[in-house]
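Examination of the molecular architecture
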Amino acid sequence: MNIFHEVNRLAGYALATGLIEKDDLIFVKNQLLLLLHLDGFENDEEACEIPEVKVSELEDILKNLLDYAVAHKLTLDDGVVARDLFDTRLMSLFISKPSEVIARFRELYKKSPKEATDYFYKLSQDSDYIRRYRVCKDVKWISKTPYGDMDITINLSKPEKDPKAIAAAKQARQVGYPKCLLCKENVGYAGRLNHAARENHRIIPLTLAGESWGFQYSPYVYYNEHCIVFNYEHTPMLISKKTFRRLLDFVSQFPHYTIGSNADLPIVGGSILSHDHFQGGAYEFPMARAPVEKEFSVRGFEDVKAGVVRWPMSVIRVSSANPSRLVEFAAHVLEKWRLYTDEKAFIFAETDGEKHNTLNPIARRRGDFFELDLVLRNNITTKEHPLGVYHPHGELHHIKKENIGLIEVMGLAILPGRLKKELADLNEALRGGKDISADESLSKHADWCRKLCKKYDFSLLSEENTENILKEEVGNVFSQVLEHAGVFKCDETGRKSFWRFMEEL
């Protein structure tokens, strides 16, 4: 490996993707040399080399540069976190200053919102803020369920916890800046062992409901153009009337995007409750395709079209050409739901001073109409279900134990990376008739597999057929996960309970 050739390859990549112009080449090469502690090229031929590079080569280029950096002790260690900190520093050399990125975005927005987001999304990928070569490793498929097709992913793009980084972080001085990974102060931040590098990160300022918010993309991209919209102030998650205004304001400005909010309570909320934010993107989630099973009207809101969605979770869908009316309707539902108790349905607004009721709001456009989905949530726990009554129950934890956040509420499963290997091993075990009850990694699936063996004779099936069956059955488990998270069940009793709440509106 010739380190000077790799420097030139990285500069060639930046040129090919439009991150830099030809007049920038000498400057960025010299900056790369500086970061790699190299005094200069060994000859004129190396100094002038500009190889043609494909976008797909970036992973290989960075690996070679990182191997050199590790070998010459330019990184803290050879762990994933240390390598990510260093290659982010390398890539930061090619991205424009925030003011330039913002100006370009606004210039394109005048032509169309989509042109602006297309530019910003490509920039986020080209700069390696979104690591394409990791995202493409995610395993994805579609499963048919009683509620329609569900989108299933096994997440492999978000790195596993690095033991070296965890150990080193314990010894490091604790720093409270930035306050969290969503704060605006992350722009250009070099990162540390317990805080991801963000030197190649950029934010677009937005005004939502008269307030300052920021627009960025998720580095892990669970779906197409997965964006995050966050409050410029580090303020906790709170579902309120303002939330609905902000969401509908966003889809007014970006009508080609869907956007929604995690809930604001533990268990049913997202992973970051300390910073108010939304998630959206150019993606049609399965829930958006789900039909309304029954329409209803609310006194005072006869002009708003409302109905209950045929979905495993409890969803009220409302639409109107007037977003202000949707704000008022959603605020009315929220106010009623926060205080709602139905002991027969095991729904309690509050126990021992702890509030339990909240919701997930999701906004989208349907032509000239605005649409809101309001997903009712409750985070009560019991001795039988210490992780939550309306949370995946124990028998489903072999597939999904984690909290059910906004993305999964909408029908996109984000399953743990361990499942890739476990499903492959189960495929072999099922076809071979192997007893997995004593297997350390597979025993958690034993009860599930016994049920599957009653449905299928795996000894007669090929590896491919078994793989397809396992994928379908994982999708069925995910639909059960959502059923468990639904406060009103989809059976006759559950629907009667749902309509009792409707009558309260």
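As the structure is a prediction and not an experimental result, all values here were calculated from the model.

The next thing to look at is the pairing of strand E5 (residues 227-231). Of all 5 residues in E5, 5 are buried; the element is thus mostly enclosed. Side-chain alternation along E5 places Cys-227, Val-229 and Asn-231 on one buried face and Ile-228 and Phe-230 on a second face that is also buried. Note: strand E4 (residues 211-217) against E5, 5 bridges, orientation antiparallel. The residue bridging Tyr-217 from the neighbouring strand is Cys-227, located in E5. Direction of pairing for E5 relative to strand E7 (residues 277-281): antiparallel, over a ladder of 4 bridges. What sits directly across from Phe-230, in E7, is His-277.

In this structure, the amide linkage connecting Tyr-177 to the following residue, Pro-178, adopts the cis form with an omega of -20 degrees. Within the element layout of this structure, Pro-178 appears in the loop between helix H9 (163-171) and strand E3 (204-208). One non-glycine residue, Asp-128, lies in positive phi territory at about 70 degrees. Of note, Asp-128 is situated in the loop between helix H7 (113-126) and helix H8 (132-135).

What follows is about the pattern of salt bridges. For the coordinates displayed, the defined rule picks out 44 salt bridges. Across the pair Glu-284 and Arg-289 runs a salt bridge, and its minimum N-O distance is 3.7 Å. Here Glu-350 ties to Lys-355 by a salt bridge, and the two come within 3.4 Å at their closest N and O atoms. Given a relative accessible area of 41%, Glu-350 falls into the partly exposed group. Residue classification places Lys-355 among the exposed positions, given a relative accessible area of 54%.

Looking now at the sheet that holds strand E1 (residues 139-145). Read across the open sheet, the 3 strands follow the order E1-E2-E15; overall the sheet is mixed. Sheet topology places E1 and strand E15 (412-415) at the edges, where each strand pairs with a single neighbour. Taking each pair of neighbouring strands and ignoring which way they run, the sheet shows an average axis angle of 25 degrees. Pairing of strand E2 (residues 148-154) with E15, which is carried by 4 bridges, proceeds in the parallel orientation. Among the inter-strand pairings, Thr-153 is bridged to a residue of E15, identified as Ile-414.

Attention now goes to the packing of aromatic side chains. A complete count under the given rule lists 29 aromatic pairs for this structure. Their ring planes at 40 degrees and their centres at 5.4 Å tell us that Tyr-223 and Tyr-283 sit as a pair that is tilted. One end of the pair, Tyr-223, is in the loop between E4 and E5; the other, Tyr-283, is in the loop between E7 and helix H11 (286-289), and 60 residues separate them in sequence. With relative accessibility at 2%, the residue Tyr-223 sits in the buried group. For Tyr-283, a relative accessible area of 24% corresponds to the partly exposed category. Three or more aromatic residues link up through ring pairs in this structure, and these residues are Phe-105, Tyr-109, Phe-120, Tyr-121, Phe-215, Tyr-217, Phe-250, Phe-254 and Tyr-257. Looking at Lys-294, its charged tip hangs above the ring of Trp-499, at a distance of 4.4 Å from the centre. Between Arg-365 and the ring centre of Phe-370, over which it is positioned, the NZ or CZ distance is 4.2 Å.

About the cut-offs
- Residues numbered from 1 in each chain as written.
- Predicted model: local features only at pLDDT ≥ 70, side-chain atom pairs only at ≥ 80, totals over all residues.
- Heavy atoms only, no water.
- Buried < 20%, exposed > 50% of the residue type's maximum accessible area, 1.4 Å probe, protein only.
- Helix = DSSP H or I, 4+ residues; strand = E, 2+ residues; numbered from the N terminus.
- Pairing = 2+ DSSP bridges.
- Salt bridge = Lys/Arg side-chain N within 4 Å of Asp/Glu carboxyl O.
- Axes fitted to C-alpha atoms, helices over the stretch in contact; angles between N-to-C directions.
- Phe/Tyr/Trp six-rings, centres within 6.5 Å; stacked < 30°, edge-to-face > 60°.
- Lys NZ or Arg CZ within 6 Å of the ring centre and 35° of its normal.

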